[in-house]
Amino acid sequence: MDEINHNILYRPSLGDKKLALLLDPEKADLNALPLSSDSHPDFIFVGGSTGGDTTPFVRALREKLSIVNCQLSIILFPGSAAQFTPEADAILYLSLLSGDNPEYLVSQQIKSARSIHASSVEVIPTAYILIDGGVETSTMRVTGTKPLNPSNAEGIQTIVDTSIAAELMGKQAIYLEAGSGAKTPVSLDIIREVRKNTSVTLIVGGGIRTPEAMQAAYSAGADIVVIGNHFESHPEDLNSFLTAQRSYSAAVLQCSGPTGEAGPSEQRSDDSRFMRLALQEAYKAQDAQEIPIGCVIVSDNRVIGRGHNLTETLADVTAHAEIQAITAASQTLGGKYLPDATLYVTVEPCPMCAGAIGWAQIKRIVYGAPDPKRGYQTYAPRAFHPKATVTSGILEEECRSLIQEFFKSKR
Ligand code: ZN
């Protein structure tokens, strides 16, 4: 079930940042769209704050895409239940968590539930969070809600708390929205803080007008950047955004380089989700002034142990993230061997931890960034169990930059 539900938005993510084009059926001019088979965004979002049945528009869009030979997912981004059409590939099943209007928190969802359920459209439970972008948007008018205020620490905290609540409620995506035509996009600080505290797909839209702003949002942690209004008035800009998206991904892939016996090709669909949890552990270490490395151990899709580096706090050179997580996992399972577990760690294990991982008989190891200076591959390449497989490069850039920033701040 999991795999099916995640197949559109959950793309494992080494340098794999997505661009979505938002089309409002009431405004978009399909003839003016500069789409071709080798120049197109990753997704098309369809929806607007007003308007009804999107079926005719989705049909026309599908026809346009087939003429130019583009196989793109059409994802509904509905302003109301009336906009649902079973002809889309997926729907962002939005709940407006930034407002307290029950109509958009739950009632519209109930109105559309039966038709969505009866369709084969993939449902992506999504928290929709409006953030003040300096203009009054039609979403604000239609929903009668105020956006969250990003201009002070308390406001940012509320945005982060709302995002955490979204993940706790089981949302698979968080959509941070500054609004169509926003003067200021969602700030990089907010994207970073939400990214640090949540592990689901992070979508950011509103007010992003340049390829550089898109790249900055990716660096801060956005998985999908949404461009709408901008391409309606500047269709010719699509190519410069696509070039910037490709060069961002290429730069990330290049600095990862070849990483030993296994690479991103062997990654599994949940790898980035669990690496995100390991990163959350790393952020805990960072908050405690420790070298920011985190680890989780997963068995049967369940986290059975987690840990982060505690060498300073415990005044113990052996208190590495992996050791903490192995100890916790053994306690959870009540046995010292973990042959069915996968270990996720943000940085390539050192020889000591590689030894411990070998002793625990862990058969799958996934790490984020390589550590050519202190990693096991240089000193103890055979430390793991002989049948162990290694996957590297998952969320590599974020794992690496966390460490780099830490050492920079210590200099
Ligand atoms: Zn270690």
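Cut-offs and rules
Residues numbered from 1 in each chain as written. Predicted model: local features only at pLDDT ≥ 70, side-chain atom pairs only at ≥ 80, totals over all residues. Buried ≥ 20, exposed ≤ 12 C-beta atoms within 10 Å, placed from the backbone. Helix = DSSP H or I, 4+ residues; strand = E, 2+ residues; numbered from the N terminus. Pairing = 2+ DSSP bridges. Arc of directions from axis to C-beta. Contact = placed C-beta atoms within 7 Å.

1. Structural notes on the pairing of strand β1 (residues 18-23)
Two faces make up the sheet, and in a regular strand the side chains alternate between them.
Phase 1 of the analysis: Most of β1 is tucked away: six of the six residues are buried.
Phase 2 of the analysis: In the sheet, β1 pairs with strand β8 (residues 224-227) via four bridges, with the strands oriented parallel. Counted as the bridge partner of L21 is I227 from β8.
Phase 3 of the analysis: Summarising the sheet, β1 and strand β2 (residues 43-46) pair through four bridges and their orientation is parallel. Each residue of the ladder has a partner; that of A20, found in β2, is F43.

2. Points about the pairing of strand β6 (residues 173-177)
Phase 1 of the analysis: The buried fraction of β6 amounts to five of the five residues, a majority that puts the element mostly inside the structure.
Phase 2 of the analysis: Pairing geometry for strand β5 (residues 122-130) and β6, over five bridges, is parallel. When the sheet's bridge partners are listed, T126 is paired in β6 with A173.
Phase 3 of the analysis: Sheet topology note: the β6/strand β7 (residues 201-205) ladder contains five bridges and is parallel. Following the sheet pairing, A173 is matched in β7 by T201.

3. Observations concerning helix α6 (residues 188-197)
Phase 1 of the analysis: Buried within α6 are the following residues: I190, I191, V194 and R195. The arc that holds every buried residue of α6, seen down its axis, measures 130°, which confines them to one face.
Phase 2 of the analysis: On its buried face, α6 sits against α5 (153-168), β6, β7 and α7 (211-220).

4. What to know about unusual backbone geometry
Phase 1 of the analysis: Phi is positive for N69, close to 65°, though the residue is something other than glycine.
Phase 2 of the analysis: Judged by the 11 C-beta atoms lying within 10 Å of it, N69 falls in the exposed class.
Phase 3 of the analysis: Unlike most non-glycine residues, D300 shows phi in positive territory, near 55°.
Phase 4 of the analysis: Here D300 shows up in the loop between β9 (294-299) and β10 (302-308).
Phase 5 of the analysis: We classify D300 as exposed; it has 7 C-beta atoms within 10 Å.

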